[in-house]
Amino acid sequence: GFSAIRDFYPDAKFIFVMRNPVDRYWSNLRFHEKKAADTGRFSALREFENKLDDPRYLLRTDYRRTLNELHRVVDRKNIIVCFYEDLFGNTTDTLKRITDFLEIQYIPPDLDYRVNVSPEIELPAALKKLAIRKFEGIYNYVLENYREQVPESWRKDIALLGKP
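Residues numbered from 1 in each chain as written. Predicted model: local features only at pLDDT ≥ 70, side-chain atom pairs only at ≥ 80, totals over all residues. Heavy atoms only, no water.

A. The arrangement of the side chain of E85 in detail. Secondary-structure assignment places E85 in helix α6 (residues 84-87). The buried charged residue E85 lacks any salt bridge partner; its closest oppositely charged side chain belongs to R19, at an N-O distance of 5.0 Å. Reaching out from E85, the side chain makes a polar contact with the backbone nitrogen of N20 at a distance of 2.8 Å. Apart from the residues lying within four places of it in its own chain, the contact partners of E85 are M18, R19, N20, D23, P151, S153 and W154. (Helix = DSSP H or I, 4+ residues; strand = E, 2+ residues; numbered from the N terminus. Buried < 20%, exposed > 50% of the residue type's maximum accessible area, 1.4 Å probe, protein only. Lys, Arg positive; Asp, Glu negative; His and termini not counted. Salt bridge = Lys/Arg side-chain N within 4 Å of Asp/Glu carboxyl O. Polar contact = N/O pair within 3.5 Å; in protein donor to acceptor, adjacent residues only side chain to side chain. Contact = heavy atoms within 4.5 Å.)

Given below as structure tokens:
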């Protein structure tokens, strides 16, 4: 897909946003629970472990694969990588970095406006640790390649793996 975009529009700019893998995975499960609310057939907690091996849930979190594919076909000057936690945090630095990259005017957003909000369900610590171990390769890749940019929430999860 990246090649097709590049071939159609050679100067296309790509924005890749990474979210803490466990948070992204958990959000995806909760979103599916919300979609199935009328049938009650899907429970994020009940399906948590089963979906840890389901490619439909994992591929969106395989940042190494996605970025390798992107870097293989797109000039790095046309790619910006940022973190969800920074994009939707209290700082505007990431938003300004993106608008500068796109060469468009920065307009302060309404960061309180949320779309597709999933139900708030507490993730048990044992399941969180299980998922952190599952995504260890992704955490390692991101830490190796974006060490200075890695948000605090990621660092806390990485610390649970015994990583600095």
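B. Just the packing of aromatic side chains, in detail. Tallying each qualifying case throughout the model produces ten aromatic pairs. Between F83 and W154, the ring centres sit 5.2 Å apart and the planes meet at 90 degrees, which makes this aromatic pair edge-to-face. Highlighted residues: F83 in strand β2 (residues 79-83) and W154 in helix α10 (residues 152-160), separated in sequence by 71 residues. We note that F83, like W154, is buried. Through pairs of rings, three or more aromatic residues link up here, namely F16, Y63, F83, Y139, Y146 and W154. Across from the ring centre of F101, 5.0 Å away, lies the NZ or CZ of K13, which sits over that ring. (Phe/Tyr/Trp six-rings, centres within 6.5 Å; stacked < 30°, edge-to-face > 60°. Lys NZ or Arg CZ within 6 Å of the ring centre and 35° of its normal.)

C. Just unusual backbone geometry, in detail. The phi angle at E103 is positive, at roughly 60 degrees, despite the residue not being glycine. Looking at the element boundaries, E103 is found in the loop between α7 (93-102) and α8 (125-134). The class for E103 is exposed, based on a relative accessible area of 68%.

D. Main features of the pattern of salt bridges. Under the counting rule described, the total for this entry stands at seven salt bridges. With a shortest N-O distance of 2.7 Å, R6 and D7 are connected by a salt bridge. When its relative accessible area of 53% is taken as the criterion, D7 is described as exposed. Here K13 and E103 are joined by a salt bridge, their closest N and O atoms 3.8 Å apart. With K13 in the loop between α1 (2-8) and β1 (14-18) and E103 in the loop between α7 and α8, this pair connects stretches of sequence that are 90 residues apart. Residue classification places K13 among the partly exposed positions, given a relative accessible area of 33%.

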